[in-house]
Amino acid sequence: MKLSLKNKIFILVFIVIILGIVGILVHSARMVGNKSKYVYDITNSSILFYEDTNMIDTTDGGKIEEKWNGEYYYLSNNAESYTLGMHPVIYENNNDSVNILGTTYQVKNNGEITKINDLITIRDTSPYFYKLDDRLYLIVSNEIYTSDRTIYTKKYLLISLDKKGNASLLNDSINVRTINPVKLEFANYLFDIANEKLIIGDLEIDLKTVIGSSNEYVEKEEPETQYNYDEKELLDAYNELVNDFTKYAKNHDLITSANNQVTYNNVVINGNTSNDAASAENTTPLSKRVSLRGAIAYQSYIDVTYAVTDPENKYQAVYLLVTGEFNGVKTTEKIILDKYETKYRIYDLTPNSEYTISLGDIEIVTDDLEEKSLYDKIEDVINIRTSKIKYELKIEKISSGKVYFNYKMPTSYAFESCDIILYVNGIQNKMLSVNYSEMISNNGFSGSFELDNGTLYELRVENAVYSDKKQDVNISKKFALAI
């Protein structure tokens, strides 16, 4: 059918209208996508974490914004941007409050699950438990710890699991990565992390049923305990014990019914060696194991916990391989461990640096020809990042041609000595040595510089020394004078 000119015009106009509507929708979507909603102010007393559970430097302050897709971002006042994920947790040092953004699920002590979409602010240390996302949890409590107290912290703790059930535990005081199942206790709660179960008294809550879980951890069945012993040696030891007890009883005028005889395979043994007993063989192999229990990271060292079970003394050596930055140089160090200890501290590490820690052993292996050889193998591997340096460098005021500043560091990691240097337009201008006692005090170290003519000024911390070694740090504060 042949279309008339009028119909062709109508069709053309219709197509133009449709294209226009599509264009408007695309433009609107882009506008919405680029638009952010202000949510929360961040100050230098706020503790904030990346979505990958590393702590963010909030010295310069800034704000948290929510994008159209529900993700949160931290935009610092010096224009740096950080992705926080869908459920940021902020701890405020100045008032000891824990703040949670995004949709969360609170698990109450009666097993009730409450979905919360609003900002949550917690100012007390009553026990609270939240599931933030798939394999992501938050505990708020006065004390949080493992039964053996190898992990102990206060106030709050973020727990992130990988799909194998290994946990990363994080707050502003600890950074722990575990490689074996861990259970945390707080108040009357018990959190079985790998199995994602919360136990409150007699009540057991399967947390995988709350928004689901991609956890693939399967609890290993404990092998039946098998005791290995030499029967002849056991019988001889028993007879010796009976002899000793009989002598003790006679010396003290006691009456004993102990019979100084033991029968094995219908052969009477009375302190003498039986041929049948002598032929008893040790046929059950003893259990041996080397395992890495976990690691706790600090600024300049990492505490590693491990376990060695070696009843037959087959392990000739147990060691750590640590790959990362030592005293400013990236290398791999091999550290021989004591088989009879359970902890080791790795020193001389760089703050905010990634380390790979491997636990290995060297074992004596006997082949079918009874020939012995050494077998070297890696048992466990773990990755962990050291904590960032905590400090506070702030400009208190600029007045009468001078800048007044204050610098603080906590005693847990404080430079033994350092200098504050003033740069004017990128050129070193003046320097002031920091007093250590004042720096670690509540008031901090205060100082001032006269300002020479310039457009851009910067205070930098340089010549830092920690543990008698010079540290390469990036601590600075830029400012400009109002025109």
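Bear in mind that the values here come from a model prediction, so they are computed numbers and not experimental data.

Rules behind the numbers
In every chain, residue numbers begin from 1 and rise along the written sequence. Totals for whole chains, interfaces and linings use every residue, but because this is a predicted model, local features are given only for residues with pLDDT of at least 70 and side-chain atom pairs only at 80 or more, for both listing and counting. Only hydrogens and water are set aside; all other atoms, that is, all heavy atoms of the structure, feed into the side-chain values. Counting from the N terminus, the helices are DSSP H or I runs at least four residues long and the strands are E runs at least two residues long. Between buried and exposed lies partly exposed: a residue is buried under 20% and exposed over 50% of the maximum accessible area for its type, with that area taken using a 1.4 Å probe on protein chains only. By the convention used here, residues are in contact when the closest approach between their heavy atoms is within 4.5 Å. Accessibility throughout is a Shrake-Rupley quantity obtained with a 1.4 Å probe, and a residue counts as covered only by protein chains that appear here. Criterion used throughout: strands pair if DSSP finds at least two bridges between them. Here the axes come from fitting lines to C-alpha atoms, over the contacting stretch only for helices, and the angles between their N-to-C directions go from 0 to 180 degrees. Pairing of aromatic side chains here covers Phe, Tyr and the six-membered ring of Trp, requires ring centres within 6.5 Å, and sorts the geometry by plane angle: under 30 degrees stacked, over 60 edge-to-face, intermediate tilted. When a carboxyl oxygen of Asp or Glu lies within 4 Å of a side-chain nitrogen of Lys or Arg, that pair is called a salt bridge. As used here, the term nonpolar core means buried Ala, Val, Leu, Ile, Met, Phe, Trp, Tyr and Cys residues forming a set that is joined through side-chain atoms within 4.5 Å.

Visitor: So what's going on with the overall build of the protein? Which residues, and what values?
Guide: Counting its regular elements, the protein contains four helices and 37 strands. Counting over 483 residues, the protein shows a buried share of 40%. Expressed as a percentage of contacts within the protein between residues at least 6 apart in sequence, the contacts between residues at least 24 apart total 53%. For the protein, the accessible area works out to roughly 28200 Å², and carbon and sulfur atoms hold 48% of it.

Visitor: So, the sheet that holds strand E25 (residues 315-326): which residues are in play, and what are the values?
Guide: Spatially, four strands are ordered E26-E25-E28-E29 in an open sheet, and the strand pairing comes out antiparallel. Across the chains shown, the open sheet's two edge strands, defined by having one partner strand only, are strand E26 (329-337) and strand E29 (372-385). Each neighbouring strand pair of the sheet contributes to a mean axis angle of 20°, computed without reference to strand direction. Where strand E28 (residues 354-366) meets E29, 13 bridges bridge the pair, whose relative direction is antiparallel. From the neighbouring strand, Thr-356 faces E29, where its bridge partner is Asn-383.

Visitor: Describe the environment of Ala-317, listing the residues and the values that go with them.
Guide: Along the chain, Ala-317 turns up in strand E25. The exposure class assigned to Ala-317 is buried, which follows from its relative accessible area of 14%. When the C-alpha positions of Ala-317 and Asp-361 are compared, they lie 5.6 Å apart, and in sequence the two are 44 residues distant. Other than its neighbours up to four places away in sequence, Ala-317 contacts Gly-360, Asp-361 and Ile-362.

Visitor: Residues and numbers for the packing of aromatic side chains, please.
Guide: All told, the structure shown has 16 aromatic pairs when counted by the stated rule. Ring geometry for Phe-405 against Phe-449: centres 5.5 Å apart, planes inclined by 25°, an arrangement best described as stacked. Taken together, the positions of Phe-405 in strand E31 (residues 402-408) and Phe-449 in strand E34 (residues 445-450) put the pair 44 residues apart, joining distant regions of the chain. You can call Phe-405 buried: its relative accessible area is 0%. Through a chain of ring-to-ring contacts, three or more aromatic side chains come together here, namely Phe-129, Tyr-137, Phe-186, Tyr-189 and Phe-191.

Visitor: Describe the pairing of strand E7 (residues 89-92), listing the residues and the values that go with them.
Guide: Where burial is concerned, the two faces of E7 agree: the one with Val-89 and Tyr-91 and the one with Ile-90 and Glu-92 are both buried. Sheet analysis places strand E2 (residues 46-49) next to E7, joined by three bridges and oriented antiparallel. Residue Leu-48 lies in a different strand from E7, and its bridge partner there is Ile-90. Bridging between E7 and strand E8 (residues 97-100) involves four bridges; their strand directions are antiparallel. Directly across from Tyr-91, in E8, lies its bridge partner Val-98.

Visitor: Residue-level account of the pattern of salt bridges, with values.
Guide: Across all of its chains, the model carries 19 salt bridges by this definition. Note that Arg-177 and Asp-162 form a salt bridge whose closest N and O atoms lie 2.9 Å from each other. Taken together, the residues span a long stretch of sequence, with Arg-177 in strand E16 (residues 175-178) and Asp-162 in the loop between strand E14 (152-161) and strand E15 (167-170) at a distance of 15 residues. The salt bridge partner of Lys-197 is Glu-204, with a shortest N-O separation of 3.6 Å. Take Lys-197: its relative accessible area is 29%, and that puts it in the partly exposed class. Residues joined in a network through salt bridges with shared partners are Lys-288, Asp-361, Glu-363, Lys-377 and Glu-379.

Visitor: Talk me through the nonpolar core; I want residue IDs and the actual numbers.
Guide: Core analysis: the biggest nonpolar cluster contains 27 residues, and Tyr-407, Met-409 and Phe-415 have the highest contact counts within it. Looking at this core, the elements that each hand over two or more residues are E31, strand E32 (417-424), E34, strand E35 (457-466) and strand E37 (475-479). In terms of residues, this core owes the most to one element, E35, which gives five residues. Other than its neighbours up to four places away in sequence, Phe-415 contacts Ile-389, Tyr-407, Met-409, Tyr-436, Met-439, Val-461, Ala-464, Val-465, Tyr-466, Gln-471, Val-473 and Ile-475. Among the nonpolar cores identified, the runner-up in size contains 24 residues, and Phe-186, Phe-191, Ile-200 and Ile-296 belong to it.

Visitor: Please give an account of unusual backbone geometry that cites residues and values.
Guide: A positive phi angle, near 50°, is found at Ala-187, a position not held by glycine. With a phi close to 55°, Asn-313 is a non-glycine residue in the positive phi region. Take Asn-313: it is sitting in the loop between strand E24 (302-309) and E25.

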